[in-house]
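This is what each chain is made of:
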Amino acid sequence: MKHLFPLLTIACLAVPSLASAQQAIEAGPIWNQQHANQVCPAIAASQGGTWTGHWWTTVPNEMSVCQISIPQPARAVEAGPIWNQQHANQVCPAIAASQGGEWTGHWWTTIPSEMSVCQIR
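First things first, this report covers the structure right here in the doc. Because the structure is predicted, anything quoted here is derived from the model rather than measured.

What counts and how
Residues numbered from 1 in each chain as written. Predicted model: local features only at pLDDT ≥ 70, side-chain atom pairs only at ≥ 80, totals over all residues. Heavy atoms only, no water. Helix = DSSP H or I, 4+ residues; strand = E, 2+ residues; numbered from the N terminus. Expected span 1.5 Å × (residues − 1). Bend = angle between axes of the 7 residues up to and from the residue. Buried < 20%, exposed > 50% of the residue type's maximum accessible area, 1.4 Å probe, protein only. Polar contact = N/O pair within 3.5 Å; in protein donor to acceptor, adjacent residues only side chain to side chain. Pairing = 2+ DSSP bridges. Axes fitted to C-alpha atoms, helices over the stretch in contact; angles between N-to-C directions. Contact = heavy atoms within 4.5 Å.

What to know about helix α2 (residues 33-46)
Then, in step 1: In this model, α2 (14 residues) spans 20 Å end to end at C-alpha, consistent with the 20 Å of a helix rising 1.5 Å per residue.
Then, in step 2: The sharpest bend along α2 measures roughly 25 degrees and falls at V39, with the proline P41 sitting one to four residues further on.
Then, in step 3: Within the sequence span of α2, burial applies to H35, A36, V39, C40, I43 and A44.
Then, in step 4: Of the residues that open α2, the one with a side-chain oxygen 3.2 Å from the backbone nitrogen of Q34 is N32.
Then, in step 5: Looking one or two places after α2, you find G48, whose phi comes out positive at around 75 degrees.

Structural data, given as structure tokens:
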């Protein structure tokens, strides 16, 4: 059971998220929580993300990692024809939710009367 926990942690990190991706970034040795509070926010900022508050040692006295959340870019998802803003307000939030994301409020038509897209992140 002792060896199962790190595997579960890695498996949880591998689950994709459209809003942000969590990554474990090597930080050198981290000795305690106070040290992590100093080191991890700077590492997260250098990667364009924010520290989640989690860290763990991977190699005792040699290497630890900081878990950081990195925002993911928005993307367009096909939604079928969208006729107007009122229709987009009904369609796009549901499409975003089905993709595990959130609607940015933007949409546009790609093929008149046939296809529009909702922008989600």
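Examining the sheet that holds strand β5 (residues 103-111)
Then, in step 1: Taken in spatial order, the three strands line up as β4-β6-β5 in an open sheet, and their pairing is antiparallel. Here the strands that pair on one side only, and so sit at the sheet edges, are β4 (75-80) and β5. The sheet shows a mean angle of 30 degrees between the axes of neighbouring strands, direction not considered.
Then, in step 2: Looking at chain direction, β5 and strand β6 (residues 115-120) are connected through five bridges and run antiparallel. Looking at the pairing, I111 lines up with M115 of β6.
Then, in step 3: The strands touched by helix α3 (residues 85-98) are β4, β5 and β6; relative to β5, the strand with the most contacts, the crossing angle is about 110 degrees.

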